[in-house]
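Per-entry structural report
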Amino acid sequence: DTAVSQTPKYLVTQMGNDKSIKCEQNLGHDTMYWYKQDSKKFLKIMFSYNNKELIINETVPNRFSPKSPDKAHLNLHINSLELGDSAVYFCASSHNLAAQETQYFGPGTRLLVL
Amino acid sequence: KNQVEQSPQSLIILEGKNCTLQCNYTVSPFSNLRWYKQDTGRGPVSLTIMTFSENTKSNGRYTATLDADTKQSSLHITASQLSDSASYICVVIRYNNNDMRFGAGTRLTVKP
């Protein structure tokens, strides 16, 4: 079974819409993350959520909001989608925030904003 | 300028050959360095994790080296296989998993 899963795998939507991407991990990890991978393939962390504490990358627009109903889920909600939001979004999890802990990534959600 | 620079940007080799990918970084302070493999259409998968005090770490045919003095790391792939075709990403961690700096990756293609 997939350790970190994301839905949907593909998302095509119009500019201005609101959309959500779901993420679930069955590893029992305490920490989850959202990353954005742009067309140049750079991965950038957007959020980390550790023991109910949300750490936000200051460059992320407030149109993006993570929501964690429980430790195994961290969903990403995006308001008023813009063309520049088109990218691949990866969810990941790790046992905790410690530097030596391996992160496990989901398969990614490919978002295309038209 | 990105704090983690990888070279080459892309590389094509024949199956069975060895290759070495480079990673230079300017990130400071430095806690550990990782190499990830990312297959097309998939999320990255961790290959190696090295702390600043480690010089080398192996994972099967993958061997990573680290020189913390010169701030350089390399990933050596031995006896390449077609399944090694992927992007290889170097990641430097400053303090913890919330403070990671990613390289742009090296795109490796292994041909039969």
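Notes on the structure in this doc start here. Residue numbers restart at each chain and count upward from 1, following the sequence in its written direction. A letter from A marks each chain and a number from 1 marks each ligand, given out in the order of writing. This being a predicted model, a pLDDT of at least 70 is required before a residue's local features are given, and a value of 80 or more before pairs of side-chain atoms are given or counted; all residues contribute to the totals for chains, interfaces and linings. Water and hydrogen atoms were dropped before computing side-chain values, which therefore reflect all heavy atoms in the structure.

Right, let's get into the interface of chain A and chain B. Many authors give the size of an interface as the accessible area that is lost as the parts come together. Here, two residues are considered to be in contact whenever any of their heavy atoms come within 4.5 Å of each other. Facing 23 residues of chain A, the contacting portion of chain B comprises 22 residues. By buried area we mean the combined loss of accessible area, with a 1.4 Å probe, across both parts when two parts are placed together. Counting the surface lost from both chain A and chain B, the interface buries some 1,600 Å², and carbon and sulfur atoms represent 56% of this. In terms of surface lost to chain B, no three residues of chain A exceed A:Phe42, A:Leu43 and A:Ala99, which account for 31% of the buried area on that side. Salt-bridge detection follows one rule: a side-chain nitrogen of Lys or Arg within 4 Å of a carboxyl oxygen of Asp or Glu. Run the count over chain A and chain B and you get zero salt bridges. Polar contact is defined as a pair of N or O atoms within 3.5 Å, subject to the rule that within protein one atom must be able to donate a hydrogen and the other to accept it, and that residues adjacent in sequence are counted only when both atoms are side-chain atoms. Joining chain A to chain B, the criterion identifies three residue pairs in polar contact (both at pLDDT 80 or more).

What follows covers the sheet that holds strand S7 (residues 64–70) of chain A. Residue and element names in this part refer to chain A. For two strands to pair, DSSP has to find at least two bridges joining them. Numbering of helices and strands starts at the N terminus; helices are DSSP runs of H or I of at least 4 residues and strands are runs of E of at least 2. Taken in spatial order, the four strands of this open sheet run S1-S3-S8-S7, and their pairing is antiparallel. Of all strands in the sheet, those with a lone pairing partner are strand S1 (4–7) and S7, marking the two edges. Looking at each pair of strands side by side, their axes are set apart by 20 degrees on average, direction ignored. Note: S7 against strand S8 (residues 73–78), five bridges, orientation antiparallel. Directly across from Lys67, in S8, lies its bridge partner Asn75. Helix axes use the C-alpha atoms of the stretch in contact, all axes being lines fitted to C-alpha atoms, and the angles between their N-to-C directions lie in the range 0 to 180 degrees.

This paragraph deals with the pattern of salt bridges. All names here are of chain B. Inspection of the entire model under this criterion finds eight salt bridges over all chains. Two residues, Arg61 and Asp84, come together in a salt bridge whose shortest N-O distance is 2.8 Å. Of this pair, Arg61 sits in the loop between strand S6 (56–59) and strand S7 (62–67) while Asp84 sits in the loop between strand S8 (72–77) and strand S9 (86–93); the two residues are 23 residues apart in sequence, bridging distant segments of the chain. The shortest N-O distance in the salt bridge between Arg101 and Asp99 comes to 2.9 Å.

This part covers the sheet that holds S6(B). All names here are of chain B. Strand order in the open sheet formed by five strands is S1-S3-S8-S7-S6, and the pairing between neighbours is antiparallel. The two strands at the open ends of the sheet, each matched to only one other strand, are strand S1 (4–7) and S6. Going across the sheet, the axis of each strand differs from the next one's by a mean of 15 degrees, ignoring polarity. Examined bridge by bridge, strand S3 (residues 19–25) and S8 share six bridges and lie antiparallel to one another. Within S8, the position partnered with Cys19 by the bridge is Ile77.

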